[in-house]
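Now for the letters of each chain:
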Amino acid sequence: MHARTTNNLPRRAKPWISSFAGLLTAIVVAMLAAGPAAAGLRIGVTPGALADSIHVAATEARAKGLDVKVVEFSDWTTPNVALDNGDLDLNYFQHQAFLDNAVRQNGFKLKSVGLGILPNIGLYSERHARLSDLPQGATVAVANDPVNQGRGLALLATAGLISLKEGVGAKATLDDVATNPRTLKFVEIEGPQLVRAVADVDLAQGYPAHYVNAGRGDFAGKALLYSGVDDLAFAIRFVARADRVETPEIRQFIDLYQTSPAVRARIDAAFAHDAALYTLPWLR
């Protein structure tokens with residue numbers, strides 16, 4: 001087609017075509033030599049320590065030529081729906097147990113592709129200074145999703161406030177409470193909203209970084225009891241669609257996140273500079 005079209009032009013036009021073709025060839029060769037342009041990434045997060053640290057990494061990624069767009073969600077359902085639909089390339093808000101439950105319930109084709117922050121959870125109260133002060137019939141707020149609720153109930157069991165059916169551990173739901181000697185009344189709250197619920201209940205399952213993000217960094221370090229920081233199952237994961245786990249841009253961004261001093265500094269600030277409230281499991 002190109003030869004036929006060129007031959008149909010007047011003779012005096014051919015040198016111009018030849019020069020243009022040479023220039024175009026040179027441009028293509030230069031582009032190939034430089035390698036393909038980095039594609040963009042759309043990353044879904046929830047507000048707080050996770051979003052803040054991702055924004056820092058995104059800024060550094062853009063400086064390196066990787067276009068990253070960060071989308072914040074106020075709930076723990078939509079980020080997986082959006083990822084599975086292809087509206088996101090990556091999300092960063094959930095631990096492995098939460099992901100496994102979401103995949104089992106919804107058939108999502110999603111996989112963990114990297115480790116992130118491992119946060120503690122705590123039992124918080126604005127009304128009582130010690131767990132032993134909780135009265136009969138005290139109101140306790142726990143997460144309403146099955147996985148995080150189980151983690152909260154396991155911590156309540158560790159505190160001796162309840163006991164759970166044998167073997168359920170962190171997979172427990174309220175139906176698995178075996179004994180409740182103080183007749184605690186449980187209120188199920190959307191996870192990100194637990195930080196607000198603490199003012200209205202006797203005791204609340206809570207996430208230290210959520211309190212820091214709400215301007216209550218001092219309160220974040222005053223839980224009546226914390227979970228351990230060595231439970232890798234509850235480390236936040238980078239999650240991608242199963243058909244994109246080998247995407248170079250995704251690997252590039254995760255590597256940047258895990259090695260950036262600025263990201264680590266932002267994480268530390270998000271946990272009120274209290275190293276007891278979190279760990280960075282990819283360093284282990």
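Chains are numbered independently. Their residues run from 1 in the order of the written sequence. The model is predicted, so local features are restricted to residues of pLDDT at least 70 and side-chain atom pairs to those at 80 or more, both for listing and for counting; the totals for chains, interfaces and linings are taken over all residues. Computation of side-chain values covers all heavy atoms of the structure but excludes hydrogens and water.

Trainee: Where do I start with helix α6 (residues 146-158) in this structure?
Mentor: Residues that lie three or four places apart on an α-helix share one face, since the helix turns once every 3.6 residues. Look at α6: 18 Å from first C-alpha to last across 13 residues, which is about the 18 Å you get at 1.5 Å a residue. All of the buried residues in α6 are V147, N148, Q149, G150, R151, G152, L153, L155 and L156. A 3.5 Å cut-off defines polar contacts: any pair of N or O atoms within that distance qualifies, except that in protein one atom must be a possible hydrogen donor and the other a possible acceptor, and neighbouring residues in sequence count only when both atoms are side-chain atoms. Only DSSP runs of H or I covering at least 4 residues are called helices, and only runs of E covering at least 2 are called strands; the numbering of each starts at the N terminus. The residue sitting at the N-terminus of α6 and contributing the capping side-chain oxygen is D145; that oxygen lies 2.9 Å from the backbone nitrogen of N148. Immediately beyond the C-terminal end of α6, within one or two residues, lies G160, with a positive phi of roughly 80 degrees. Every helix has an expected span of 1.5 Å times one less than the residues it contains. Think of it in three bands: residues with accessible area under 20% of the maximum for their type are buried, residues over 50% are exposed, and the middle band is partly exposed, with areas taken using a 1.4 Å probe on protein chains only.

Trainee: Teacher, can you tell me more about the sheet that holds strand β7 (residues 139-143) here?
Mentor: Strands belonging to one sheet form pairs held by backbone hydrogen bonds; the direction of such a pair is parallel or antiparallel. Spatially, the five strands line up as an open sheet ordered β10-β7-β11-β6-β12, and their pairing is mixed. Strands with a single pairing partner mark the edges of an open sheet, and in this sheet they are β10 (185-189) and β12 (225-226). Judged from the two bridges that link them, β7 and strand β11 (residues 203-206) form a sheet pairing that is parallel. Each residue of the ladder has a partner; that of V140, found in β11, is L203. Contact definition: two residues touch when any of their heavy atoms are within 4.5 Å. As a rule, the C-alpha atoms of each element are fitted with a line to give its axis, helices using only the stretch in contact, and angles between N-to-C directions run from 0 to 180 degrees. Packing against the sheet, α6 makes contact with β6 (122-124), β7, β10, β11 and β12, and its axis sits at approximately 140 degrees to β7. In this description, strands pair whenever DSSP reports at least two bridges between them.

Trainee: Hey, could you run me through the side chain of S53 in this one?
Mentor: Positionally, S53 belongs in helix α3 (residues 49-63). Of the polar contacts made by the side chain of S53, one reaches the backbone oxygen of L50; its length is 3.0 Å. Apart from residues lying up to four places away in sequence, S53 is in contact with Y92, I117, Y257, V263, R266 and I267.

Trainee: Where do I start with the side chain of D202 in this structure?
Mentor: Here D202 shows up in the loop between α7 (194-197) and β11. Since its relative accessible area comes to 10%, D202 is described here as buried. Within polar-contact distance, the side chain of D202 engages the backbone nitrogen of T139 at 2.8 Å. Apart from the residues within four sequence positions on either side, D202 is in contact with Y124, S125, R127, H128, L134, P135, A138 and T139.

Trainee: Even after reading the chapter, I still don't get the sheet that holds strand β13 (residues 236-241), so can you show me in this structure?
Mentor: Ordered by their spatial adjacency, five strands build an open sheet running β2-β1-β3-β13-β4, and the pairing between neighbours is mixed. Both edges of this open sheet fall to β2 (68-72) and β4 (110-115), since each of them pairs with a single strand only. The mean inter-strand angle of the sheet, taken between neighbouring strand axes irrespective of direction, is 35 degrees. As paired strands, strand β1 (residues 41-45) and strand β3 (residues 90-95) are joined by three bridges and run parallel to one another. By the bridge assignment for β3, V45 is matched with Y92.

Trainee: So what exactly am I meant to see when it comes to the packing of aromatic side chains here?
Mentor: Note on aromatic pairs: each is described by the distance of the centres and the angle between the planes. In this scheme Phe, Tyr and Trp rings, the latter by its six-membered ring, pair at centre separations within 6.5 Å, and the angle between planes marks the pair as stacked below 30 degrees, edge-to-face above 60, and tilted otherwise. By the definition in use, this model includes 13 aromatic pairs. Measuring from ring centre to ring centre gives 6.0 Å for W76 and Y207, while their planes differ by 90 degrees; the resulting arrangement is edge-to-face. With W76 in the loop between β2 and α4 (78-85) and Y207 in the loop between β11 and α8 (208-213), this pair connects stretches of sequence that are 131 residues apart. Residues W76 and Y207 agree in their burial class; the two are buried. Residues Y92 and Y257 carry aromatic rings whose centres are separated by 5.3 Å and whose planes lie at 65 degrees to one another, so their mutual orientation is edge-to-face. Here Y92, found in strand β3, pairs with Y257, found in helix α10 (residues 248-259); they are 165 residues apart in sequence, far enough to count as distant. We note that Y92, like Y257, is buried. An aromatic cluster of at least three residues, connected via ring pairs, comprises Y92, F238, F253, Y257 and W282.

Any link to function would need more than the numbers given here.
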